[in-house]
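If you want the building blocks of each chain, they are given just below.
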Amino acid sequence: MITAEHLGRAVDELGLSGLPVLVHAALRSFGVPLDGGADTLVDALVGRGCTILVPAFTETHFGVAPPPSPSMRPARNGVDYSRPSLRDSLPAPAVYSPDCGLVNPRLGAFPAVVLARADVHRGRHPLNSFAAVGPDAAALVRAQGPDDVYAPLRALAERDGRSLLIGVGLNRMTVLHLAEQQSGRRLFRRWARAGDGRTTLVEVGSCSEGFPRLAPWLSPGARTTTVGAARWDAHAVRETLAAATAALVADPELTRCSAHCRSCQDAIAGGPLD
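Because the structure is predicted, anything quoted here is derived from the model rather than measured.

(A) Examining the environment of Pro272 more closely. Mapped onto the elements, Pro272 comes out in the segment after helix 10 (262–268). Taking relative accessible area as the criterion, Pro272 reaches 3% and is therefore assigned buried. Along the chain, Pro272 and His235 lie 37 residues apart, while their C-alpha atoms are 30 Å from each other. For Pro272, the contacting residues outside a window of four places in its chain are Pro74, Ala75, Arg76, Asn77, Arg186, Leu187, Phe188 and Arg189.

(B) Region of the structure containing helix 7 (residues 175–182). Helix 7 sits mainly inside the fold: 6 of its 8 residues count as buried. When helix 7 is considered as a whole, its buried residues turn out to be Val175, Leu176, His177, Leu178, Ala179 and Glu180. Elements in contact with the buried residues of helix 7: strand 1 (20–25), helix 6 (151–158), strand 5 (162–166), helix 8 (215–218), helix 9 (237–250) and helix 10. At the exit of helix 7 stands Gly184, carrying a positive phi of roughly 115 degrees.

(C) Up close: the side chain of Asn128. Here Asn128 lies in the loop between strand 3 (121–122) and strand 4 (130–133). Those residues in contact with Asn128 that sit more than four places away from it in its chain are Phe57, Glu59, Gln144, Val149, Val204 and Gly205.

(D) How the structure looks around the packing of helix 6 against helix 9. Look at helix 6 against helix 9: their axes get within 7 Å of each other, and the N-to-C directions meet at 115 degrees. One way to sum up the angle between helix 6 and helix 9 is to call them roughly perpendicular. Contacts from Leu153, Leu156, Ala157 and Glu158 of helix 6 reach helix 9 at Val237, Arg238 and Leu241. For the contact of helix 6 with helix 9, the class distribution of residues is 5 nonpolar, no polar and 2 charged.

(E) Examining the side chain of Ser263 more closely. With respect to the helices and strands, Ser263 occurs in helix 10. Of the polar contacts made by the side chain of Ser263, one reaches the backbone nitrogen of Cys207; its length is 3.1 Å. When sequence neighbours within four positions are dropped, the list of residues in contact with Ser263 reads Gly78, Phe188, Ser206 and Cys207.

Rules behind the numbers
- Positions within a chain are numbered from 1, following the residues in the order the chain's sequence is written.
- In view of the model being predicted, local features appear only for residues whose pLDDT reaches at least 70, and side-chain atom pairs are presented and counted only at 80 or more, with totals across whole chains, interfaces and linings using the full set of residues.
- With hydrogens and water stripped out, all remaining heavy atoms of the structure feed into the side-chain values.
- Strands here mean DSSP runs of E at least two residues long; helices mean DSSP runs of H or I at least four residues long; both are numbered from the N terminus.
- The classification of residues rests on relative accessible area computed with a 1.4 Å probe and restricted to protein chains. Under 20% of the type maximum is buried, over 50% is exposed, and intermediate values are partly exposed.
- The contact criterion used throughout is that any non-hydrogen atoms of two residues lie within 4.5 Å.
- Here the axes come from fitting lines to C-alpha atoms, over the contacting stretch only for helices, and the angles between their N-to-C directions go from 0 to 180 degrees.
- Orientation labels follow simple angle bins: below 35 degrees gives roughly parallel, above 145 gives roughly antiparallel, 65 to 115 gives roughly perpendicular, and whatever is left gives oblique.
- Three categories are distinguished: nonpolar for Ala, Val, Leu, Ile, Met, Phe, Trp, Tyr, Cys and Pro, charged for Asp, Glu, Lys and Arg, and polar for the others, with Gly belonging to the last.
- Two N or O atoms count as a polar contact when they lie within 3.5 Å, although within protein this holds only if one can serve as hydrogen donor and the other as acceptor, and sequence-adjacent residues are included solely when both atoms are side-chain atoms.

As structure tokens, this is what we get:
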């Protein structure tokens, strides 16, 4: 069984104490149970002065089908508008609120545990919010809104934060979507319901399945350890953004996951057109 002591040693070994940390974690990667579950991992980080930031996405709960109006259907948006959307047959979703307590279950158990904390702070993006606990939690998510989805990641970089991958690969590193934006790609637009009931366009990221191809540029700067069967990779966000952005500017095709991915194709071309 993995104990709080094991986790604390890993935090110390990676030099994370006192820093804000964006955590992507697959708890099953430990191979054996965590004593106390995911809360033990939260406590191990917060107990060493870390602020934990997690993606708390809710596309599955608050996404809306593309409206028929051409003005609400940007070209080169990673969407084939000729295909029917599953959301066309679903009831109209409710309006997102930061205190809704919901999160896409595909993100795993860790974000849900962070959201359940009494002192959690959550951003205002209706589809791709971030949530945080710890001393800098409010400051990290304060600026996030529908038109600035990655404000928490910029705040993380400004505070010399880290991106921590626990048992997952670079295809789960959300920071790399900000690198895409910094390289000149426009973010995709998706649809959500505004407070007045109208459908509105909001910013979201693109396909991330090709991100592991950035490993030669990012791995040299990573610090790594192992807890149980889980590999922990800690990346300095500021340096990661600089390296990934430079790599994408030099070779925009680098993150294409396949020849047939519409999302990759449109992102590499520059993203949505007005």
